[in-house]
Amino acid sequence: MQLTFLFAAVAALMLGSASARPAQMETQKRDVFVPPILYPHAGTVWFSFQRHNVTWNATGAPATISNEALLLLAKGGLEAPFILAKGFDLRAGRFEIEVPYVLADTNYQLVLFGDSGNLSPMFTIESDTPA
Ligand SMILES: *[C@@H]1O[C@H](CO)[C@@H](O)[C@H](O)[C@H]1NC(C)=O
Ligand SMILES: *[C@@H]1O[C@H](CO)[C@@H](O)[C@H](O)[C@H]1NC(C)=O
């Protein structure tokens, strides 16, 4: 699947930056935290330019999280990822985003990266906000 390839590519990028510090890797325990996305869920409908809190289950989050948070917009696994947010606090359990101006469709997904990506169910973006 193409999305699997996408994950592998982004994961390789992240691993690449981590392996640049091999000495540090040996001495520091890395906290792996990959929280599941709670919202948006199947049935969610967003309009472009609206603001929404993306939420995830932050229960059990370690005190320090070494991996950089990254939130991407994907579409049916077929298109290049769109970065919605980067470097936010994974322990907060939410992050407010503005829905980008994209074509209306029913197969959008979010990808939340801790160490590996967690994919949301497919949801709808209706593009232009109704008048
Ligand atoms: C997102 O959550 C924060 C904290 O609860 C709240 O202040 C803010 O209004 C929320 N944003 C939206 C768009 O609902
Ligand atoms: C969040 O994760 C905790 C620990 O895995 C679990 O017990 C809880 O049911 C989850 N909550 C939601 C809303 O999924």
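Anything mentioned here points back to the structure above.
From a predicted model like this one, the values you see are computed outputs, not experimental measurements.

(A) Just the overall build of the protein chain, in detail. Scanning the protein chain for helices and strands turns up two helices and nine strands. Going from N to C terminus, the protein chain has its helices and strands arranged as α-α-β-β-β-β-β-β-β-β-β. Per-residue burial for the protein chain yields a buried fraction of 36% across its 131 residues. Sequence-distant contacts in the protein chain: of pairs separated by 6 or more residues, those separated by 24 or more amount to 67%. When the accessible surface of the protein chain is totalled, it reaches about 7,400 Å², and 58% of it is carbon and sulfur.

(B) Up close: the site of ligand 2. The immediate surroundings of ligand 2 are formed by Leu38, Asn57 and Thr59. Here an oxygen atom of ligand 2 and a side-chain polar atom of Asn57 are 2.3 Å apart.

(C) Summary view of the pattern of salt bridges. As enumerated under the stated definition, the model contains four salt bridges in all. When the shortest N-O distance is used, the salt bridge between Asp105 and Lys75 registers 2.8 Å. Taken together, the residues Asp105 in strand 7 (residues 105-113) and Lys75 in strand 4 (residues 70-75) connect sequence positions 30 residues apart. Overall, Asp105 belongs to the partly exposed group, its relative accessible area being 28%. A relative accessible area of 14% means that Lys75 is categorised as buried. Between Asp89 and Arg91 there is a salt bridge whose closest N-O contact spans 3.2 Å. Take Asp89: its relative accessible area is 39%, and that puts it in the partly exposed class. Within this structure, Arg51, Glu96 and Glu98 form a network of salt bridges that share partners.

(D) Inspection of the site of ligand 1 at higher detail. In the vicinity of ligand 1, the contacting residues are Arg51, Asn53, Arg94 and Glu96. Measuring from an oxygen atom of ligand 1, one finds a side-chain N or O atom of Asn53 at 2.4 Å. Considered on its own, ligand 1 offers 350 Å² of accessible surface; in the complex 41% of this is hidden by protein. Of all the secondary-structure elements, those providing two or more residues to the shell around ligand 1 are strand 3 (51-56) and strand 6 (94-98). Of the residues in the shell around ligand 1, the class split is no nonpolar, one polar and three charged.

(E) Seen up close, the side chain of Ser48. Relative to the assigned elements, Ser48 resides in the loop between strand 2 (45-46) and strand 3. On the basis of relative accessible area, Ser48 is assigned to the buried category, the value being 0%. A polar contact of 2.9 Å, which involves the side chain of Ser48, links it to the backbone oxygen of Pro100.

(F) Quick look at the sheet that holds strand 1 (residues 37-39). One open sheet holds the three strands; their spatial order is 1-3-6, and the pairing between them is antiparallel. Whereas interior strands pair on both sides, the edge strands pair on one side only; in this sheet they are strand 1 and strand 6. Put simply, the sheet's adjacent strands are angled 35° from each other on average, direction ignored. Alignment of strand 1 against strand 3, held across two bridges, turns out to be antiparallel. Counted as the bridge partner of Ile37 is Trp56 from strand 3.

Cut-offs used in this document
- Residues numbered from 1 in each chain as written.
- Chains lettered and ligands numbered in written order.
- Predicted model: local features only at pLDDT ≥ 70, side-chain atom pairs only at ≥ 80, totals over all residues.
- Heavy atoms only, no water.
- Helix = DSSP H or I, 4+ residues; strand = E, 2+ residues; numbered from the N terminus.
- Buried < 20%, exposed > 50% of the residue type's maximum accessible area, 1.4 Å probe, protein only.
- Contact = heavy atoms within 4.5 Å.
- Areas by Shrake-Rupley, 256 points an atom, 1.4 Å probe, with all protein chains shown as cover.
- Near = heavy atom within 4 Å.
- Polar contact = N/O pair within 3.5 Å; in protein donor to acceptor, adjacent residues only side chain to side chain.
- Salt bridge = Lys/Arg side-chain N within 4 Å of Asp/Glu carboxyl O.
- Nonpolar A, V, L, I, M, F, W, Y, C, P; charged D, E, K, R; others polar.
- Pairing = 2+ DSSP bridges.
- Axes fitted to C-alpha atoms, helices over the stretch in contact; angles between N-to-C directions.

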